[in-house]
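What follows is the residue order along each chain.
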Amino acid sequence: MMLRQTLSTVAMVLVTASLGYAAAPPDALVRSLTTVIRKHCPDAEIEMIDQTFVAKSGTMKFTVHARSKTGEIFPRTHEDEGPNFKGFLLRVSMYPGPYEGAAVVPQTLQGPYYPTFIDASPTSTGDGYLWVSFAYGSRLDAELKQALLEALPRMRFPGAKKSLTQPEP
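A quick note: this is a predicted structure, and the numbers were derived from the prediction, not measured.

Let's talk about the overall build of the protein chain
Within the protein chain, the secondary structure is distributed over 3 helices and 6 strands. Ordered by position from N to C terminus, the α and β elements of the protein chain give α-α-β-β-β-β-β-β-α. Counting across all 169 residues of the protein chain, residues that qualify as buried make up 34%. The contacts of the protein chain with a sequence gap of at least 6 include a subset with a gap of at least 24, amounting to 54%. As displayed, the protein chain has an accessible area near 10,800 Å², and 57% of this comes from carbon and sulfur atoms.

Put into structure tokens, the structure is as follows:
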């Protein structure tokens with residue numbers, strides 16, 4: 001009985017702690033991204049969902065097979081929202097501490113239907129990072145794509161050029 005109560009308490013603490021983990025991106029970044037998106041794609045949907053800035057246009061549901069880190073393709077499928085050939089889906093959220101994820105960032109992940117650029121840029125104060133996920137269709141308007149890349153927070157290296165297809169050195 002005591003073990004059950006202890007496990008329940010620990011589980012409740014973990015669930016409660018995880019709810020406050022992500023924070024909204026800075027207001028200045030949200031305004032900047034919104035301005036860029038509205039200029040190039042006035043009909044895009046822009047909203048905050050669970051402390052994440054989400055902007056999208058021309059998205060649809062895809063049925064995909066999940067993959068493991070080793071490349072194994074799982075037989076079970078799931079639905080995933082992503083951009084059609086002229087669309088995009090941008091998500092930006094902020095997390096505390098340094099980025100310690102398994103993915104090397106920045107990089108572009110090549111999915112079965114569309115590429116997704118990911119990055120974990122340190123905040124200006126250095127006490128957290130901004131997680132960026134930018135999925136885009138093969139025929140996304142080039143001006144919108146470039147303007148978004150320039151507005152996104154990016155991992156900065158001295159003398160590095162911004163590139164969507166090549167990780168920065």
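Quick look at the packing of helix α2 (residues 27–40) against helix α3 (residues 142–151)
Viewed as axis vectors pointing N to C, α2 and α3 meet at an angle of 170°, and their least axial separation amounts to 10 Å. Our classification of the angle between α2 and α3 gives roughly antiparallel. Contacts between α2 and α3 involve L29, S32, L33, V36, I37 and H40 from the former and E143, L144, A147, L148 and A151 from the latter.

Description of the pairing of strand β1 (residues 45–49)
Bridge count between β1 and strand β2 (residues 52–67): 5 bridges; the pairing is antiparallel. Residue pairing in the sheet places I46 in a bridge with A55 of β2. Remark: 2 residues form the turn of the hairpin made by β1 and β2, two consecutive strands paired antiparallel; D50 in that turn has positive phi of roughly 50°.

As for the environment of G101
Within the fold, G101 resides in the loop between β3 (73–96) and β4 (107–110). Taking the C-alpha atoms as reference points, G101 and A120, 19 residues apart in sequence, are found 9.1 Å from one another.

Side note on the side chain of T116
For T116, the location among the structural elements is in strand β5 (residues 115–122). What makes T116 buried here is its relative accessible area of 14%. Look past the residues within four positions of T116 in its chain and what remains in contact with it is Q107, T108, L109, S133, F134 and A135.

So, the confidence of the model for the protein chain
Averaged over every residue, the pLDDT of the protein chain is 83; the share at 70 or more is 79%. Confidence scores differ between elements of the protein chain, with helix α1 (residues 2–19) showing the lowest mean pLDDT of 40 and β1 the highest of 97. Low confidence marks residues 1–20, where pLDDT is under 50. Its contacts with residues over four positions away, or in another chain, come to 0 contacts. The model gives residues 157–169 a pLDDT under 50, and that stretch makes 23 contacts with residues more than four places away or in other chains.

Some words on α2
When the terminal C-alpha atoms of α2 are compared, their 20 Å separation across 14 residues agrees well with the 20 Å that a helix rising 1.5 Å per residue should span. Taken together, the buried positions of α2 are occupied by L29, V30, L33, V36 and I37. Considered in projection along α2, the buried side chains sweep an arc of 135° and stay on one side of the axis. Exposed and oriented more than 90 degrees from the buried face of α2 are D27, R31, T35 and K39.

About the criteria used
Residues numbered from 1 in each chain as written. Predicted model: local features only at pLDDT ≥ 70, side-chain atom pairs only at ≥ 80, totals over all residues. Heavy atoms only, no water. Helix = DSSP H or I, 4+ residues; strand = E, 2+ residues; numbered from the N terminus. Buried < 20%, exposed > 50% of the residue type's maximum accessible area, 1.4 Å probe, protein only. Contact = heavy atoms within 4.5 Å. Areas by Shrake-Rupley, 256 points an atom, 1.4 Å probe, with all protein chains shown as cover. Axes fitted to C-alpha atoms, helices over the stretch in contact; angles between N-to-C directions. Parallel < 35°, antiparallel > 145°, perpendicular 65-115°, else oblique. Pairing = 2+ DSSP bridges. pLDDT = per-residue confidence, 0-100. Expected span 1.5 Å × (residues − 1). Arc of directions from axis to C-beta.

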